[in-house]
2 protein chains.
Amino acid sequence: MITVIKLSYNDINFYDHLKKILYNENIFDIKKKYVDKIIKKVKISGDIALVELTKKLDNIDVKTMESLIIKRDILKIAYDTLSINQKESLKLAANRIKHYHEHQSKFHISWKYEEAPGILLGQKVTPIDRVGVYVPGGKASYPSSVLMNIIPAIIAGVNEIIMVVPAPNGILNKMVLAAAYIANINYVFTIGGAQAIAALAYGTESVPKVDKIVGPGNIFVTIAKRAVFGQVGIDMLAGPSEILILSDGNTNPDWIAMDILSQCEHDEKAQAIFITWDINHLNAVYASIKKFLLKMNRINIIKKSLSKRGALIKVEDEIQAIELINYIAPEHLELSINNPEKLLNNINHSGSIFMGRYTSEVFGDYCAGPSHVLPTSRTSRFSSPLSIYDFQKRSSILQCSLEGAQYLSKNSSILARSESLIAHAISAEYRI
Amino acid sequence: MITVIKLSYNDINFYDHLKKILYNENIFDIKKKYVDKIIKKVKISGDIALVELTKKLDNIDVKTMESLIIKRDILKIAYDTLSINQKESLKLAANRIKHYHEHQSKFHISWKYEEAPGILLGQKVTPIDRVGVYVPGGKASYPSSVLMNIIPAIIAGVNEIIMVVPAPNGILNKMVLAAAYIANINYVFTIGGAQAIAALAYGTESVPKVDKIVGPGNIFVTIAKRAVFGQVGIDMLAGPSEILILSDGNTNPDWIAMDILSQCEHDEKAQAIFITWDINHLNAVYASIKKFLLKMNRINIIKKSLSKRGALIKVEDEIQAIELINYIAPEHLELSINNPEKLLNNINHSGSIFMGRYTSEVFGDYCAGPSHVLPTSRTSRFSSPLSIYDFQKRSSILQCSLEGAQYLSKNSSILARSESLIAHAISAEYRI
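Residues numbered from 1 in each chain as written. Chains lettered and ligands numbered in written order. Predicted model: local features only at pLDDT ≥ 70, side-chain atom pairs only at ≥ 80, totals over all residues. Heavy atoms only, no water.

Taking an unreviewed UniProt entry as the reference, chain A is identified by name as Histidinol dehydrogenase belonging to Candidatus Johnevansia muelleri. Regarding chain A, the UniProt comment filed under Pathway (unreviewed entry) reads as follows: "Amino-acid biosynthesis; L-histidine biosynthesis; L-histidine from 5-phospho-alpha-D-ribose 1-diphosphate: step 9/9." Under the Sequence similarities (unreviewed entry) heading, UniProt states for chain A: "Belongs to the histidinol dehydrogenase family." (UniProt positions renumbered as here; feature names shortened; annotations may be inferred.)

Caption draft 1: Local environment of helix α6 (residues 84–105) of chain B. In this model α6(B) runs 31 Å from its N-terminal to its C-terminal C-alpha over 22 residues, within 8% of the 32 Å that 1.5 Å per residue would give. Taken together, the buried positions of α6(B) are Gln86(B), Lys87(B), Ser89(B), Leu90(B), Ala93(B), Ala94(B), Arg96(B), Ile97(B), Tyr100(B), His101(B), His103(B) and Gln104(B). (Helix = DSSP H or I, 4+ residues; strand = E, 2+ residues; numbered from the N terminus. Expected span 1.5 Å × (residues − 1). Buried < 20%, exposed > 50% of the residue type's maximum accessible area, 1.4 Å probe, protein only.)

Caption draft 2: Looking closely at the domain arrangement of chain A. All names here are of chain A. Examined at the domain level, chain A breaks down into domain 1 (5–25 + 239–381), domain 2 (31–234) and domain 3 (401–430). Summed over both sides, the interface of domain 1 with domain 2 buries roughly 1,100 Å², with 56% coming from carbon and sulfur. Counting the surface domain 1 buries against domain 2, the share from its top three residues, Cys367, Gly369 and His372, is 34%. Scanning the region where domain 1 abuts domain 2 turns up zero salt bridges. If you look at where domain 1 meets domain 2, you find five residue pairs in polar contact (both at pLDDT 80 or more). (Domains from an automatic or database assignment. Buried area = accessible area lost by both parts, 1.4 Å probe. Salt bridge = Lys/Arg side-chain N within 4 Å of Asp/Glu carboxyl O. Polar contact = N/O pair within 3.5 Å; in protein donor to acceptor, adjacent residues only side chain to side chain.)

Caption draft 3: Representation of the interface of chain B and chain A within the structure. The interface of chain B with chain A comprises 129 residues on the first partner and 129 residues on the second. Both faces combined, the contact of chain B with chain A buries some 11,500 Å², and carbon together with sulfur accounts for 57% of it. Summed over the three residues of chain B that lose the most area to chain A, namely Phe382(B), Leu398(B) and Arg431(B), the buried surface amounts to 7% of that side. Applying the counting criterion to the chain B and chain A interface returns eight salt bridges. With a shortest N-O distance of 2.8 Å, Arg381(A) and Asp211(B) are connected by a salt bridge. The interface formed by chain B and chain A includes 74 residue pairs in polar contact (both at pLDDT 80 or more). (Contact = heavy atoms within 4.5 Å.)

Here is the structure:
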């Protein structure tokens, strides 16, 4: 009924097998021309292009830009229709995200120090003026993503946040609107895809031009973000969601199976990899997966994800496990083991690390605190979770007294002359 | 002889005039197809392609990859040939850069905090494993760039640094090699352009595949960096260098003229903009520029830069000056005024800020401490100077006890069910 690939670290060509199921970068180039055309259209024709593209691609009957704007009073109505439980859950999540990022912002601060003789150096931290937040619509429409993107931006001090969310076939998730209300958003554009990214990057008559665009989207959104990068900043190029679970054999196999299935239900291209040194445990997890699969509402998505990109991997020991974790550099890592602290020192690359058997990855998706917008597709080798750092930037500060200038002048002049930059040398020498 | 555009904030269409001399983003797309071809070639044929392309594009007679590698003993020989002054200047610069980034790294640290009941949250900071550093060769071959790129990476804890520098027509700057020696580099590849970026991103038989590429280069390098972004991390998309100088009229016009000329001598596309509310001072600076121009060794580069992209701007007051600074978001900003501290609070966007009349921008180029690799082309609106943050990344840490899991479980389950993610809900509920 379902087959998940089983691998053993000691297999011949193990890494070749593994590489086959890992991220394939070529996907980024497939739709590039199509996306470039959309971006050009919006850049040239602004609102007219936006309305036309939204009508066509999202299958909504709109005639003006006005009908693609949701004002705060409508967001409030969406919020009011929620159950008390839903309201409280969103608010708790919002508060916890706020608290985590407030803690984080204590470390990203302006500072200066004075050096003898008369040289003051520093860094000044400032928020980005205006940020665009892309929230997916359609089958991956998550209210949690609204909070996870917007609240870190608010804590970072961003002055203006422009939220876009597509409404394919006119359908909007009221929880998404309610989350925008809770996050203090004033209005939302119901646009999506490459056209929304283009509107944010270049501005239209209605959509303000932003300085940076954050938030994950589908492949068109990702290609568009890459295309406008440089014109504006972007957070990252998001691929399908992934989890890597390491278990020592002592976690209930049902728990692990559900963690695997919960990753797979996101997307046909989502990835769940399970690693253990206990072969009986591996088989038990496999059995649990099979047992639960039939009960899932998203069974078809899960089946495709599991059979195409899933893997159950037997390793010999902790050393092999660590090697694999650092190679795969997963978006989410569950250390379902005793003493996860001991292993933590050896883990170099992962977006988010869930320590111990009780720390379900799902807590991180919704309400633990850190943003669930995380580097995918092995990019945690060089990038980080969305955070206040994404919404602020630094300037270097330098200040010399006459004495300080004298100290740096001679040295600068020597180096400038070595580079044949005579104007540089003279500029430095004048300060003596 | 030389005409520099003079603008007044109160001119009709002032911003239209200004926009004409500011960065034009289209340059990125001009050579894209050509660059894509080079990248593909290196990706497919590795060292063979590298040797062939280097031979052709850098006009060097090489037959094997071996001849494109400079080992540490040769770097040392280059260092040994320097004058004592040059050696000491490079070492002083290296030490000052080291000291500044050590200070910075005190703020980018791992932390965790425990929340009642039983929820531990944190962030773990780790260095990037392997970084590629691009150092320009040819007419913009700067030893200072070697130090400004590599030392922050070392302080950040990067395990392996791969330096590339092209040697067009076989010519290498011995100061560049000496700087690599001082920065403790073991070997250097004398490759450049898009082919070097491709080699670093995908690896070849000789060039190790890196996780991130930093360092500014020419237009081909910049397009190539954009193309491989996602496969590897990149620091930024560098455009031509720029300065904006604000003077209150009390700085010696000769000093300002030299600061303008020193920016222009970098590159025909470099930009120097001068702002003041004192029209006599503006004219005096203009006169000084004309006076010094003839004495410059790079007069032709300076003339093109000044006449095409330079501007002397008269504003009414400080308020207009601040507005312009934040609009232009310059790479380098000199505040050649009394009490620059007062203005600093209002400045939101600039790569590096030089406070007061004695702080020549040239000090920042060579030895003050902060990296001279800075966001150009208005990108300081959303990006930062090269720093230890570029060479490290964060992982979020979450750890729940049974009690902590119980606290987060209900909330996660409610939100998961609102998103119709049933596997998520069950995964959360199991932890109770």
